[in-house]
Amino acid sequence: QVQLVESGGGLVQAGGSLRLSCAASGIIFSINAMGWNRQTPGKQRDLVAVIDSLGTTNYGDSVMGRFTISRDNAKNTVYLQMNSLKPEDTAVYYCNVQARAPPRGVFSDYWGQGTQVTVSS
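These remarks concern the structure in this document. Quick caveat, the model's predicted, so the values are computed rather than measured. (Residues numbered from 1 in each chain as written. Predicted model: local features only at pLDDT ≥ 70, side-chain atom pairs only at ≥ 80, totals over all residues. Heavy atoms only, no water.)

**Re the side chain of E6**
Take E6: it is sitting in strand β1 (residues 3–7). One buried charged residue, E6, remains without a salt bridge, the closest side chain of opposite sign being R45 at 7.7 Å. Within the structure, the side chain of E6 is placed 2.6 Å from the backbone nitrogen of C95, a separation counted as a polar contact. A distance of 3.4 Å separates a polar atom in the side chain of E6 from the backbone nitrogen of Q113. For E6, the residues in contact, after removing those within four places along its chain, are S21, C22, W36, Y93, Y94, C95, G112, Q113, G114 and T115. (Helix = DSSP H or I, 4+ residues; strand = E, 2+ residues; numbered from the N terminus. Buried < 20%, exposed > 50% of the residue type's maximum accessible area, 1.4 Å probe, protein only. Lys, Arg positive; Asp, Glu negative; His and termini not counted. Salt bridge = Lys/Arg side-chain N within 4 Å of Asp/Glu carboxyl O. Polar contact = N/O pair within 3.5 Å; in protein donor to acceptor, adjacent residues only side chain to side chain. Contact = heavy atoms within 4.5 Å.)

Structural data, given as structure tokens:
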């Protein structure tokens, strides 16, 4: 069973920065894409950023130029550096990993429990 542990959320003033981390653990054969999504109450979960196994990145329009996603394959960890934070970035941020793991051994999506990010004006 793949487990994802997120950290780094919290309260920050507008214009500030936060860095989120998500570490995958368990028996993992390989990891493909790793990413972050976010959700506010009553709304759908939206893509923030994703990075594939080759390091190719993709960002949601609202965070382009402010957020940077990176990964450490040796640690099975993905990071999200968030700069110039705005109140509208307030949300629960969820880590998502596409991994091959027992028992099925095929790529499946795994999700973290979420970490709250609150940006005050």
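What follows picks up the thread again.
**Focus: the sheet that holds β1**
Here four strands make up an open sheet; going across it, the order is β1-β3-β8-β7 and the pairing antiparallel. The strands lining the two open edges of the sheet, one partner per strand, are β1 and β7 (67–72). Between one strand axis and the next, the sheet turns through 15° on average, direction left out of account. Pairing between strand β3 (residues 18–25) and strand β8 (residues 77–82): six bridges, direction antiparallel. Counted as the bridge partner of L18 is M82 from β8. (Pairing = 2+ DSSP bridges. Axes fitted to C-alpha atoms, helices over the stretch in contact; angles between N-to-C directions.)

**So, the state of the cysteines**
Counted under the stated rule, the structure contains one disulfide. Between the sulfur of C22 and that of C95 lies a disulfide, 2.0 Å long from S to S. Here the S-S torsion is close to -80°, and the disulfide linking C22 with C95 is therefore left-handed. One end of the pair, C22, is in strand β3; the other, C95, is in strand β9 (residues 91–100), with 73 residues separating them in the sequence. Residue C95 is classed as buried on the basis of its relative accessible area, which comes to 0%. (Disulfide = S-S within 2.5 Å.)

**Re the nonpolar core**
Counting 31 residues, the largest nonpolar core has W36, L80, M82 and Y93 as its most contacted members. When residues of this core are traced back to their parent elements, those giving at least two are β3, β4 (30–39), β5 (46–51), β7, β8, β9 and β11 (115–120). Looking at this core, the element that brings in the most residues is β9, giving five residues. (Core = buried A, V, L, I, M, F, W, Y, C linked by side-chain atoms within 4.5 Å.)

**Examining the pattern of salt bridges**
Following the criterion strictly, the structure yields two salt bridges and no others. As a salt-bridge pair, D89 and R66 come within 2.8 Å of each other at their nearest N and O atoms. Of this pair, D89 sits in the loop between β8 and β9 while R66 sits in the loop between β6 (57–59) and β7, and the two are 23 residues apart along the sequence. Take D89 and R66: they sit in the same class, and that class is buried.

**A short note on unusual backbone geometry**
A cis amide bond links P102 with the next residue in sequence, P103, at an omega value of 5°. Turning to its location among the elements, P103 is positioned in the loop between β9 and β10 (107–111). Unusually for a residue other than glycine, N76 sits at a positive phi of about 50°. Locating N76 in the fold gives a position in the loop between β7 and β8.

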